[in-house]
Amino acid sequence: MGKVFVAAEAVKAGRFIDTRFNLQNRDWGKQAFQNGHIQGAVFWDLEKDLSDMAKTEGRHPMPSKEQLQQLFERCGLSYEDDIYIYDQGGAPFAARAWWMLKYAGFPKVYIVNGGLEALEQTGLTVTDEELTYPATNLTLQWNESIYSSRADVKGIVDGAQTGLLLDARSAERYRGENEPIDRVAGHIPTAKNFDWEQLKQGTQLHANEQLLTELKKDEEIIVYCGSGVTASPLYAILADSGYENLKLYVGSYSDWITQYEIEVGEHK
């Protein structure tokens, strides 16, 4: 079994979390879950469960620790569980949930590479029956070492702290040539770019030689994207590949531009 990603055929008994979502059709994931999901799975919505859309720190702001704990307890999770997270495959949503569970200290959390389709192909039961679980009462050990705030990023930009900022968006958005969502185009100063979609192999995500060659394992890396969503699979792939000095800037570019200036073009 991988450190982060697991092949569907290696999945054992445990808890399943369905995180399917579509940024262009926000109701799709829940509807897809209601139509059929792995037996015993619970559904987590990107914007209702894995973001606090009432906040202003970016487009998919980080939920509070209290909100996350309530989510975990409501779903009956415990530190003893083997937890398998899936989305539609080759998507960023399972990685977002995985990171938040790791932030909360859950030790046995895995992303199913290939998503729901891969699990179906192993013969696991797909049903429209929705189960509820007895609530748990958790004492969480938060792992602050994997969380990056805007202030942490500013420290690197100003040279007060060492570390590499890694932008997971497309090269065109990074260089400021095209920005379909945020009010200003460009990237956080000093950041390098690696488009997370280069990790896609069909419905699976895998590291490639370029990624592993360009990034040093002893360097502290803070990964960000537009709103903290597509940075998650890049973070997860690096973690799976043995990188240990990793942080995720959940607010990401859409949070940074509320306070600070940006760069355009390639960072030298």
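Data block above holds the structure.
Residues numbered from 1 in each chain as written. Predicted model: local features only at pLDDT ≥ 70, side-chain atom pairs only at ≥ 80, totals over all residues. Heavy atoms only, no water.

K.L.:
Please set out the pairing of strand E9 (residues 164-167) residue by residue, giving values where relevant.
P.N.:
Side chains of E9 alternate between two faces, with Leu164 and Leu166 and Leu165 and Asp167 buried alike. Judged from the 4 bridges that link them, E9 and strand E13 (residues 221-224) form a sheet pairing that is parallel. Within E13, the position partnered with leucine 164 by the bridge is isoleucine 221. Across 2 bridges, E9 lies against strand E10 (residues 192-193) in parallel orientation. Each bridged residue has a counterpart across the sheet, and for aspartate 167 the counterpart in E10 is asparagine 193. (Buried < 20%, exposed > 50% of the residue type's maximum accessible area, 1.4 Å probe, protein only. Helix = DSSP H or I, 4+ residues; strand = E, 2+ residues; numbered from the N terminus. Pairing = 2+ DSSP bridges.)

K.L.:
Please provide a residue-by-residue account of the layout of surface pockets, values included.
P.N.:
As a volume, the largest pocket reaches approximately 540 Å³. Residue lining of the largest pocket: 26 residues in total, with Leu23, Arg173, Trp196, Glu197 and Thr230 positioned closest to the centre. Residues of the lining of the largest pocket, tallied by class, amount to 10 nonpolar, 9 polar and 7 charged. In this structure, the second largest pocket encloses a volume near 370 Å³. Those elements giving two or more residues to the lining of the second largest pocket turn out to be helix H1 (28-35), strand E4 (42-43) and helix H2 (65-74). The class makeup of the residues in the lining of the second largest pocket is 10 nonpolar, 1 polar and 9 charged. (1 Å grid on protein atoms, 1.4 Å probe; cavity = no way out; pocket = protein on both sides within 12 Å on 5 of 7 lines; lining within 4 Å. Points joined across faces, edges and corners; volume = space filled by probe spheres on them. Nonpolar A, V, L, I, M, F, W, Y, C, P; charged D, E, K, R; others polar.)

K.L.:
Residues and numbers for empty space enclosed by the protein, please.
P.N.:
A full pass over the atoms with the stated rule returns 1 cavity of 30 Å³ or more. In this model, the largest cavity occupies a volume close to 50 Å³. No other element matches the 3 residues that strand E6 (residues 109-113) contributes to the lining of the largest cavity. Among the residues forming the lining of the largest cavity, the class breakdown is 6 nonpolar, 4 polar and 1 charged.

K.L.:
Please give an account of the packing of helix H3 (residues 93-103) against helix H8 (residues 231-240) that cites residues and values.
P.N.:
The interhelical angle for the contact between H3 and H8, taken along N-to-C directions, is 65°, at an axis separation of 8 Å. Remark: the crossing between H3 and H8 carries left-handed chirality. Residues Ala95, Arg96, Trp98 and Trp99 of H3 touch H8, and the partners they reach there are Ser232, Pro233, Tyr235, Ala236 and Ala239. (Axes fitted to C-alpha atoms, helices over the stretch in contact; angles between N-to-C directions. Left-handed = near helix turned anticlockwise from the far one by under 90°. Contact = heavy atoms within 4.5 Å.)

K.L.:
Quick one: what's the story with the nonpolar core, residue by residue and with numbers?
P.N.:
Among the nonpolar cores identified, the biggest contains 52 residues, and Trp44, Phe72, Trp98, Trp99, Leu101, Phe106 and Leu234 are the most heavily contacted of them. Elements with a minimum of two residues in this core: H2, strand E5 (83-86), H3, E6, E9, E13, H8 and strand E14 (246-249). Counting residues per element, this core draws most heavily on H3, at 8 residues. Leave out the neighbours within four places in its chain, and tryptophan 98 touches Val4, Ile85, Val109, Tyr110, Ile111, Tyr235, Ala236 and Ala239. (Core = buried A, V, L, I, M, F, W, Y, C linked by side-chain atoms within 4.5 Å.)

K.L.:
Lay out the sheet that holds E9 in plain terms, naming residues and giving numbers.
P.N.:
Across the sheet, 5 strands lie side by side as E8-E14-E13-E9-E10; this open sheet has parallel pairing. Edge positions in the sheet fall to strand E8 (147-148) and E10, since each has one partner strand and no second.

K.L.:
Summarise the environment of valine 6; cite the residues concerned and give the values.
P.N.:
Along the chain, valine 6 turns up in strand E1 (residues 5-7). Separated by 205 residues in sequence, valine 6 and leucine 211 have C-alpha atoms that sit 20 Å apart.

K.L.:
Explain the packing of aromatic side chains to me, and be specific about the residues and the numbers.
P.N.:
Applying the stated criterion across every chain yields a total of 12 aromatic pairs. Here the aromatic rings of phenylalanine 33 and phenylalanine 43 are separated by 5.4 Å at their centres, their planes lie at 35°, and the arrangement is tilted. Of this pair, phenylalanine 33 sits in helix H1 while phenylalanine 43 sits in strand E4, and the two are 10 residues apart along the sequence. When sorted by exposure, phenylalanine 33 lands in the same class as phenylalanine 43, which is buried. Taken together, a centroid distance of 6.0 Å and an interplanar angle of 55° make the contact between tryptophan 98 and tyrosine 235 tilted. With a gap of 137 residues between them, tryptophan 98 in helix H3 and tyrosine 235 in helix H8 connect regions that are remote in the sequence. The same class applies to tryptophan 98 and to tyrosine 235, which are both buried. (Phe/Tyr/Trp six-rings, centres within 6.5 Å; stacked < 30°, edge-to-face > 60°.)

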